[in-house]
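Spelled out, the chains give:
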Amino acid sequence: MMPQPFHLAIPVDDLSAAAEFYGDLLGCDRGRSSEHWIDWDFFGHQLVTHLVNAMPSPPEFNQVDNHQVPVPHFGVVLTMEQWRTLATRLEAAHIEFVIKPYIRFKGQPGEQATMFFIDPAGNALEFKAFASIDQLFAS
């Protein structure tokens with residue numbers, strides 16, 4: 001059964017910067033909007049960037065596979081081809097990665113391609129992919 005798209009609303013302190021990041025850089029199609037928010041087609045899911053006066057506290061970090069992972073974070077699971085294409089686009093744009101694109105848990109259950117970066121408002125994102133989607137919930 002195909003999963004239903006999720007809806008996530010996140011704070012941003014500059015809608016123009018959010019539009020540049022989510023629209024131009026990540027390639028998300030823009031949906032409805034106002035002077036206070038923008039809906040995005042975030043890889044088939046509904047992401048809403050809401051304008052706020054002040055951002056909440058920045059993420060903290062947690063150890064995973066010998067890397068410091070920002071918490072909280074969000075993102076999507078892409079196909080391996082989509083993940084490679086996005087990683088190449090972000091590297092070409094000289095995005096500062098929190099964790100550069102790499103293969104996590106290599107040779108273990110749950111092996112995955114992953115990368116972490118921060119949007120202009122300070123929200124942490126993770127994009128990942130699996131050679132086999134059956135590994136998504138491997139233990």
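Residues numbered from 1 in each chain as written. Predicted model: local features only at pLDDT ≥ 70, side-chain atom pairs only at ≥ 80, totals over all residues. Heavy atoms only, no water.

Per an unreviewed UniProt entry, the protein is named VOC family protein, and its organism is Alteromonas ponticola.

Student: Give me the environment of leucine 25: which residues, what numbers.
Tutor: Inspection of the secondary structure assignment puts leucine 25 in helix 1 (residues 15-25). A residue is classified by how much of its surface remains accessible, and leucine 25, at 14% relative accessible area, is buried. Between the C-alpha atoms of leucine 25 and leucine 86, which are 61 residues apart in sequence, the distance is 9.3 Å. Residues within four places of leucine 25 in sequence aside, it is in contact with Glu20, Arg89, Leu90, Ala93 and Ile95. (Helix = DSSP H or I, 4+ residues; strand = E, 2+ residues; numbered from the N terminus. Buried < 20%, exposed > 50% of the residue type's maximum accessible area, 1.4 Å probe, protein only. Contact = heavy atoms within 4.5 Å.)

Student: Hey, could you go over the nonpolar core for me, with residue numbers and the actual values?
Tutor: The biggest cluster of nonpolar side chains holds 30 residues, and the ones touching the most others in it are Tyr22, Leu26, Phe42, Met115, Phe117, Leu125 and Phe127. Secondary-structure elements contributing two or more residues to this core are strand 1 (7-12), helix 1, strand 3 (37-42), strand 7 (74-78), helix 2 (80-92), strand 9 (112-118) and strand 10 (124-129). Per element, the largest residue contribution to this core is 6 residues, and it comes from helix 1. Dropping the residues within four chain positions of it, methionine 115 is found in contact with Trp83, Leu86, Ala87, Leu90, Phe97, Ile99, Lys100, Pro101, Leu125, Glu126 and Phe127. (Core = buried A, V, L, I, M, F, W, Y, C linked by side-chain atoms within 4.5 Å.)

Student: Tell me what's going on with the sheet that holds strand 1, and back it up with residues and numbers.
Tutor: Strand-to-strand pairing in sheets goes through backbone hydrogen bonds, with the strands running parallel or antiparallel. As summarised here, the arrangement of the 4 strands in space is 1-4-3-2, forming an open sheet in which the pairing is mixed. Where the open sheet ends on each side, the last strands, each with one partner, are strand 1 and strand 2 (29-33). Adjacent strand axes in the sheet meet at a mean angle of 30 degrees when their direction is disregarded. Inspection of the sheet shows strand 1 paired to strand 4 (residues 45-51) by 6 bridges, in the parallel sense. Looking across to strand 4, one finds that histidine 7 is bridged to glutamine 46. Sitting on the sheet, helix 1 is in contact with strand 1, strand 2, strand 3 and strand 4, with an inclination near 10 degrees to strand 3. (Pairing = 2+ DSSP bridges. Axes fitted to C-alpha atoms, helices over the stretch in contact; angles between N-to-C directions.)

Student: Give a detailed account of a nonpolar patch on the surface, specifying residues and quantitative values.
Tutor: A cluster of nonpolar side chains, Val77, Ile133, Leu136 and Phe137, forms an exposed patch at the surface whose accessible area comes to about 410 Å². Among the structural elements, leucine 136 can be located in the segment after strand 10. (Patch = residues over 30% accessible without salt bridge, like charges linked within 9 Å, V, L, I, M, F, W, Y side chains within 5 Å. Areas by Shrake-Rupley, 256 points an atom, 1.4 Å probe, with all protein chains shown as cover. Salt bridge = Lys/Arg side-chain N within 4 Å of Asp/Glu carboxyl O.)

Student: A description of the UniProt feature "domain: VOC" (unreviewed entry) in the protein should follow, citing residues and the corresponding values.
Tutor: Those residues carrying the UniProt feature "domain: VOC" (unreviewed entry) are residues 4-130 in this numbering. Annotation note: span residues 4-130, helix share 19%, strand share 47%, distance between end C-alpha atoms 20 Å. (UniProt positions renumbered as here; feature names shortened; annotations may be inferred.)

Student: Could you give me a rundown of the pattern of salt bridges, with the residues and numbers involved?
Tutor: Enumeration according to the criterion identifies 3 salt bridges in this entry. A salt bridge links arginine 104 to glutamate 126, with the nearest nitrogen and oxygen atoms 3.4 Å apart. Here the residue arginine 104 occupies a position in strand 8 (residues 97-104), and glutamate 126 occupies one in strand 10, the gap between them amounting to 22 residues. Neither arginine 104 nor glutamate 126 differs from the other in exposure class; each is buried. One network of salt bridges, with partners in common, ties together Arg104, Glu126 and Lys128.

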